Structures are given as structure tokens and as C-alpha cells.
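Residue strings, one per chain:
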Amino acid sequence: MGLDADGAGAHPAAAAVARLAGADLVSGTRLARTVRQAEHAGLTFVSFTDALLPAVAGSPASARLESVTRAAFVSRTTTAIGLVPQVPTTYPEPFHVAAQLASLDIAASGRAGWLAAVTRDAATADAYGRTVVGDVSREARDVVQVVRDLWDSWEDDAVIRDVPTGRYIDRDRVHHVDFVGETFSVKGPLITPRPPQGQLVVLASDGDVRPALGRPGAPEAGGAERLVDVTLVGGSGVGTARGNATAAREHSPLAGVDLEVVLDAGGRTGADRLAVLDASTPAGVRSPWDTRALRYVGDAAGLVALLTELATPGPDGRRPVDGVRLLPAVLDVDLPVLARDVLPALRAARLVAAPRAGATLRESLGLPRPANRYETRVLADAPSA
Amino acid sequence: MTVPDRHPDVPVTRPDAQVHFGVFFQGVNHTTIWSDPESGSQTDFATFERVIRTAERGLFDAFFLGEGLRLRESRGALHDLDVVGRPDAITQLAALAAITTHIGLVATQNTTYNDPADLARRLQSLDVLSGGRAAWNVVTTDNAWTGANFRRGGYLDHALRYDRAQGQLDVARQIWDAFPDAGGSDAFSGTVAHVSEHSAMFDVELDPTTPRSPQGHPIIFQAGDSPQGRDFAAANADVIFSRHGAVLADALEFAADVRRRTVAAGRPEDDVKIFPGTGIIVGDTPADAEERARWVRWNQVSPATALSIVGNIWGEDLSGYDPDGPLPAHDPVVEELGGERGSATTGARTREVAARWRALAEAEHLSIRELVVRDSGERGFQGMPASVAEDLIRWVRTGAVDGFNISPWIVPSGLDDIVDRVVPELQERGAYPTSYTGTTLREHLGLRAPLTRRAAATAVGAA
Ligand SMILES: Cc1cc2nc3c(=O)[nH]c(=O)nc-3n(C[C@H](O)[C@H](O)[C@H](O)COP(=O)(O)O)c2cc1C
């Protein structure tokens, strides 16, 4: 069970309705408090939705800080919860992205993930001073691939500190990745050693990072190479969401549902709150709150029932949905209800478990720590006969 | 280690000036004696945490991280003798911001392989999250070799790197100035300015998202020593991170040059602070300090490191040579250094260096390792805590520098002596603060408003 912890909440009018001043909206104090609440509530991870450009051009209420920086800031104020910044694959430099995320994983002792997202608007291309990327899927595939290559470019035990020979690293365990994609190439290796999880958990919205056919030389023999660990799907109802999740598991080990929530709170119904939020949505907002995500508006008990239904095994005995990422309309209003009334009920029903302090995000999600694709030691140690 | 010049006739021009300290956590170097059992991991968070907590306890102005975007190689193979592997600076500093309250956080970031919208936003995010403690140490790496890791590749002519740096900084400042000033009860009032820059090197248009921090802008540091680098600093920087931290006469000359350039750029002459990188080694007696310094220098240059350094100048693999034996009998085989990457040595200098080394080795009967220790040992201050404090004060009060950026020779314990023994000596002499007086880096350094905000500040002050 994850939660998006961006700004004042997921609804575009969240900041305005919560009357959060710009400085509070982005302050480190508020950020740390929100993520600590999420950790205490027993959530598995928080994501940090992000975009280079504001929701509303020119509006100070669209203030937002860069996501990896936010995640890093809370890495040492928390001990159990996963930290998943959204970082686009379309315009940022893949080498920087790989180093930043590896560094986040080190600071967070293995609790980092990456929500890899594509950017479709031309305005972002203008902000970078680049021409619009036409095939964002292909670019996403190349970028996720090279970032994963770079995370493996140091083997786990590359730092040997061998005093007799004076060698700090074993250069045979640090590799050029020599990646050549369609629009860019990267020599490698990364400047940062392999992160604690080996590979961060990569999340992506359904359709953003399409599976590629096996590259020549890819470590997986044939078939589709695993680029995404967790696919986030939407759906107009529980049935479609479950169907989308089942389909997504064809190409990623886990599938979760994005679920927007507007809960009854403070003596007002979720429906009333949503009406006020919708009516307060500023003019010129880049993406209004009618996304492809599943949506729940109502009381806590109803949300518990919905989540239980999502998690109920199908005829094959397997859960169709591995998890849910909650997108609360207004964090300061919805998170307390989630913490008090929703998560305890799910824990009691053994539908979710709070992450253990010190566990990696992979461990919390039941994902294995991957072997390094460049691992040479096994071969070197094998008897030559 | 060069003993600092204690020339008595250098006049004290700033009798009340205070000593300032920063700590430079180097990520790639042979300064750090990693072979010592006391040396910790260079990447574990605990190492950074211990260093920055010690520095903050010692009331340091700032904690610096360097940057290098490609691992060093010699003749096609990764350089494997020195500390290597480090976190991304801004990410690491954001994590450190949450566990500290006052110390400044300086990220070295180059202007060639970053996109201005992206970099300015990340720096400003750090500045906001830290409550106004961020700085950008501007460097200008331009080699095609580093470019091989980036979309844009090695596209920039050497001569253009400071043009690109200027453009990059201009865009960053527009982004940082775009939000209306913080304060006022309704922070949603006002409009965020649109940023538009269309020049030979940049073609960017955007609406920024990052509000101002309490210090207005991230502080600008500059590290680079060429005339263009100094002019860039004189026109733009709040602080120069210099190499002139070993010989007082040299530091004074550098300071005079920087002040001349600063005035020529239309700024008050004290507008750019000077912080040389340096090392400090203290002992209980002068002889003890001398002994420790010798030990440090010797251990910074392992036998393999000595052969590698000489091999770089000779342009060949000398690892088969005896480090305790003489320099190669033959002259360097290459005039231009093509293969050695990521080091400061430039091709034109190799023959010159080899000739100087040979003369020195012959005159003093030095082995390869002794020669390297003699010639390239880390320089700085050494002595008993009191005499080091007096030397540091002299440097500051003669106007040679404003502070020192200390590179510990071991991490994470390398600052302990300085904080526990040198800082109290400075405080006793009234030359070091006894508590932080502000919360922002701009306040620690006593800097004026950001360059692009001075007209606005004056207008507000007059109103
Ligand atoms: C004290 C000092 C520290 C430096 N640290 C870095 C660093 O961390 N990363 C980097 O790429 N360059 C670093 N540099 C290199 C300068 O940025 C380099 O000198 C510059 O790119 C070349 O400019 P110049 O020709 O003006 O000297 C440093 C330079 C100095 C003087």
C-alpha cells in the first residue's frame, strides 16, 4: 500500500482549498511531517509526483520542489517506508538520473524506488531547450535500460581496499556500460557504486515504459527484458482495474492500482469536498483531476470494502492486484482518516503489513535482490577443467 | 607540507577579521589515506554524517562535495589506486540537510553537462529544504571524454566553457528570481515570472516552480584558476574556492588579483570571499606535528600511487619499476598526454615536469616515491594547535583569504583535531565565532544580497 505525498494533495485545487501558503506547501518541515505520518500509518512507500513545469503557469500556488531532492531530504527522517520519486525518462540526462537515484538508495539504506514517467508535452521540451521527443515510449525504454545498466556497472564488492597492492577498487569489477540507444549513448561506469538494493524498484504507469524485446547481449536469455518491477494501472471500476492489473503482470512482476480518494472528513462528505475542490480548480490548470485512476469518494468503511474487494483472490487463487497506490485529494485531510480508520482495518484483516524498520523496499514488496549482470566472479572461480 | 610563511612584515590590514572554515569532502583523491585502519567507508551515509556533525559542532560555514562525472582512467584502464565512487552531490546534501540545522551545503556541479532548468531547480529545491543553506560550486568540465556519458556528448569547445557557464548561471538566476518575494500573509498573491532565454547556447522557455529560500538565491562558489575563471568569479561568484592555500605570498598575490578583477566588474572589492583548499595537521609539539605530517605525506603516496603519478608524466606503464629506485633513465616518450583522463595534468607540461623532477631527484638523491612525496604532498598548515591558529589568523588578517576549505586526510575522523583543538585556540584569540549568529549560509559568510536582487533590496530599504 503506497501513498502519493506530493504537495498539498493530488487534487489540483488541494493547495488552494487547504489554504497552504507557498512557503509551507514546500517546506522541509511539512514534508518531513507528512512522510513521518505515512510511515506511522504503516504504508509501504510514498511517491513524490513531479513535473518540471507548474500545474498553472504563473501561479505561486503551483510551487513544487524537485522529487529526488524531496525524497533524499526525508531519507534520514524515516526508517521503514519506501521513497519513490517520480523522475521523467524523456528529457533529463539518464546518467544524472542513475547517479541521483543510486545516491538516494544509499542515503535511504535501500528504501528507494523510481517512478519512471514519460513527458508528452512540448512545453517541457522548450524548458530543456530540446526538440520534442517523438517516440516517448522508445526513449523511456532506452533510459530505463541504461539506468539499470549503470546501477550494475559496479559489482557489489568492487571496492576492495587491498593495502598490499595499493588498489582501492578491483577494476575488473567496474564496467563501462557502452550503451548505444537510438538518441543517445552512455559510456559509463556510474560515478556512484552499486546501490544497496542492487537495482532500485522501478515503477511505471501502465503504458509508459513498454517492454522491449530482448536486446542482443541482454542478460535474460531471450524474451522480454524486465524493465519495470511494478506497473501502476487505472480503471473505471474494480473490474477493469483488476483486469488491467492481470494484463500488466504479463510484463512486470507486480501490478498495483492507482486509486484516488476523497474521504468523508471533518463533518463533510467526500462528495461535498470533491465538489468544492472541483469548483476551486484554478483556470488554466495543465491537467484537471479526471485521470485514468480508479476513484473512491465516501467513508472509510467503504474504502476498506473496496480495497478488500481489490485484493480478493480470483478463481486461480492468485490476488489480481498486488497493491494500491493511494492518491489522496488533500493530504492534510485524507491522510489522518487513512491512518486512523482505513489502514488499521486492513492490517487487522491481514491484507497489508507495515514495513519493518531497516527492510529494503524490495524486501517490503517481496522482490528478490537481483544478481549483477556483469558478475564475473562465479565464472572466474569456476574450475577451469 | 609547506610551512606557512610567517613573514613578519606582511601588514595586518583587517585586525578584526574572523577565520572561517569549510570542509571539502573529496570523493576522488589520494589525499584520503584509505589504507589506514581508522579510515571509514567513502560512501556509507554514516561517514558523511559524522563529518558534517563534527563540522557543525565546530561552527563551520559549509560542507562541500566535489563532482566528477566520469571515473578516471589511465591508458584505457580505470584508475584503481585512489578513493573513487561517490554520491550525487545535491541528493546527498538534501539527505544531510535534514540532520543538520546551520551548516551550509555546497554542491559542485558543472555547467557543461547539465540543463539549466533542471540544475537550477534542483539547487533551489535544496536551498528551500535546508532553509537557505545551499550553494553551487560552479565548475566547467568541458572534455569530450566526460561528455561520453551525456546526451549532448563532447560538443563544447574549450574556449566556450565559461560562455556556457555564464549562460547557465544567467538562466538559473532568472529561475531563482521568478517567484515573488516570500513573506506576506497570502503567499498565493503575485505572479511567477516566465523565463525566456534565447542566446547562442541556450534556447529555453519555462515557468519555474521553485519559490525563494530565506537567503534569496543559492550562494555561488567558483573553482577554476585560469584568467577566464577568475573573471567569471569576479563577475558572478560570492566565494572563490582557490588553490592558493599553502604559501602566504602566493595567496596575497591571488587575493590582489581577484580584488582587482572584482572592482573591474563593478563590484565592491570585498564582494568575493576567498576560501583556498588546504590541509591542517596538528601535534602536541612542533616535532610531533612534523612527524605526523611526514607520516601523512608518506601514506598519501603508496608505492603504486608513486609509480602511477610518474607513469602519467612519462606516458607509459611504470608499474614494473622499483618505487624505491631512481626515475626512468629515458625521457618521457610522449609530448602530449592523450591517455590520462580526469587528472589536472595537461599535455604541454609533461616534459617540463619530467625535467624538473629529474633535477630535483638528482640533487637530493630521491627515489621515485620520495620524489613524489616531496613534490606533490598535500600542502597546508601544521604545528601545535596554538601556532596553527596564529598562522590561520595571520592569513585572514593580512587579507590573503577569508577562510579555509579543509580537506581531511582521513575520514570520518579527520576533522576531530581541528574542531577540538584548533577552533578553541581561535576562539580564545577572538578570531572565531562561539556560536552561529544566523541560519543561512549567506549570513555565515557575511554576504550582501544576491547580485540580481540588490536594486530591489535597495528600493525596499529606501521605502
Ligand atoms: C579548489 C578546486 C576544487 C575543484 N573541484 C572540482 C570538482 O570537484 N569537480 C570538477 O569537475 N572540477 C573541480 N575543479 C576544477 C575546476 O573547475 C577546473 O579548474 C576548471 O574546470 C578549469 O577551469 P580553469 O581553466 O579556469 O582553471 C576544482 C578546482 C579548484 C581550484
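A quick note: this is a predicted structure, and the numbers were derived from the prediction, not measured.

Draft legend 1. The arrangement of the interface of chain A and chain B in detail. With 79 residues of chain A in contact, the opposing surface of chain B contributes 68 residues. A buried area of about 6000 Å², summed over both sides, lies between chain A and chain B, and 62% of it is on carbon and sulfur atoms. The interface formed by chain A and chain B includes five salt bridges. For Arg121 of chain B, the salt bridge is made with Asp50 of chain A, and the minimal N-O distance between the two is 2.6 Å. The interface formed by chain A and chain B holds 28 residue pairs in polar contact (both at pLDDT 80 or more) in total.

Draft legend 2. The arrangement of the nonpolar core in detail. Among the nonpolar cores identified, the biggest contains 202 residues, and Trp114 of chain A together with Phe21, Phe60 and Phe63 of chain B are the most heavily contacted of them. Beyond its immediate chain neighbours, meaning those up to four positions away, Phe60 of chain B contacts Phe21, Gly22, Val23, Ala55, Ile103, Ile406, Leu415, Ile418, Val419, Tyr432 and Tyr436 of chain B. Ile309, Leu327, Val353 and Ala361 of chain B belong to the second largest nonpolar core, which has 19 residues in total.

Draft legend 3. Geometry of the packing of helix H12 (residues 385-397) of chain B against helix H13 (residues 416-428) of chain B. Residues and elements named next belong to chain B. H13 packs onto H12 with a crossing angle of 55 degrees between their chain directions and a minimal axis gap of 8 Å. Considering their axes alone, H12 and H13 lie oblique with respect to each other. Between H12 and H13 the crossing geometry is right-handed. Residues Pro385, Ala386, Val388, Ala389, Leu392 and Ile393 of H12 pack against Arg421, Val422, Glu425 and Leu426 of H13. Its residues placed into classes, the contact of H12 with H13 shows eight nonpolar, no polar and two charged.

Draft legend 4. Local environment of the site of the ligand. All names here are of chain B. In the neighbourhood of the ligand, 16 residues make up the surrounding shell, with Glu67, Tyr162, Ala223, Asp225 and Ser226 lying closest. Thr140 is positioned with one of its side-chain polar atoms (N or O) 3.0 Å from an oxygen atom of the ligand. Note that an oxygen atom of the ligand is positioned 2.4 Å from one of the side-chain N or O atoms of Ser226. If the ligand stood free it would expose 620 Å²; the protein chains cover 79% of that surface. Mapped by element, the contributors of at least two residues to the shell around the ligand are helix H5 (161-177) and strand E10 (239-242). Of the residues in the shell around the ligand, the class split is four nonpolar, eight polar and four charged.

What counts and how
- All residue numbers refer to position in the chain's written sequence, counted from 1.
- Written order decides the labels, with chains lettered from A and ligands numbered from 1.
- pLDDT decides what is reported in this predicted model: residues at 70 or higher carry local features, side-chain atom pairs at 80 or more are listed and counted, and totals for whole chains, interfaces and linings draw on all residues regardless.
- The side-chain numbers reported here are obtained from all heavy atoms of the structure, hydrogens and water having been left aside.
- In this description, contact between two residues means that some pair of their heavy atoms is separated by no more than 4.5 Å.
- Two parts lose some accessible area (1.4 Å probe) when they are put together, and adding that loss for both gives the buried area.
- Salt bridges, as used here, are contacts in which a Lys or Arg side-chain nitrogen is within 4 Å of a carboxyl oxygen on Asp or Glu.
- Nitrogen and oxygen atoms within 3.5 Å of one another constitute a polar contact, given that in protein one can donate a hydrogen and the other can accept it, and given that sequence-neighbouring residues count only through two side-chain atoms.
- Among buried residues, those of type Ala, Val, Leu, Ile, Met, Phe, Trp, Tyr and Cys that are joined through side-chain atoms within 4.5 Å constitute a nonpolar core.
- Categorising residues by exposure relies on relative accessible area from a 1.4 Å probe, with only protein chains included: less than 20% of the type maximum marks a residue as buried, more than 50% marks it as exposed, and the intermediate range marks it as partly exposed.
- Every angle, taken between N-to-C directions, lies between 0 and 180 degrees, and every axis is a line fitted to C-alpha atoms, over only the stretch in contact when it is a helix.
- A run of H or I in DSSP counts as a helix once it spans at least four residues, and a run of E counts as a strand once it spans at least two, with each numbered from the N terminus.
- Any angle that falls under 35 degrees is termed roughly parallel, while one over 145 is termed roughly antiparallel, one within 65 to 115 roughly perpendicular, and all others oblique.
- In this scheme the handedness of a crossing depends on how the near helix is turned from the far one: anticlockwise by less than a right angle means left-handed, clockwise means right-handed.
- Think of it as three bins: nonpolar holds Ala, Val, Leu, Ile, Met, Phe, Trp, Tyr, Cys and Pro, charged holds Asp, Glu, Lys and Arg, and polar takes everything else, Gly as well.
- Note on definitions. A residue lies near a molecule or strand when any single heavy atom of the residue is within 4 Å of it.
- Surface accessibility follows the Shrake-Rupley procedure with a 1.4 Å probe radius. Residue values consider only the protein chains on display as shielding.

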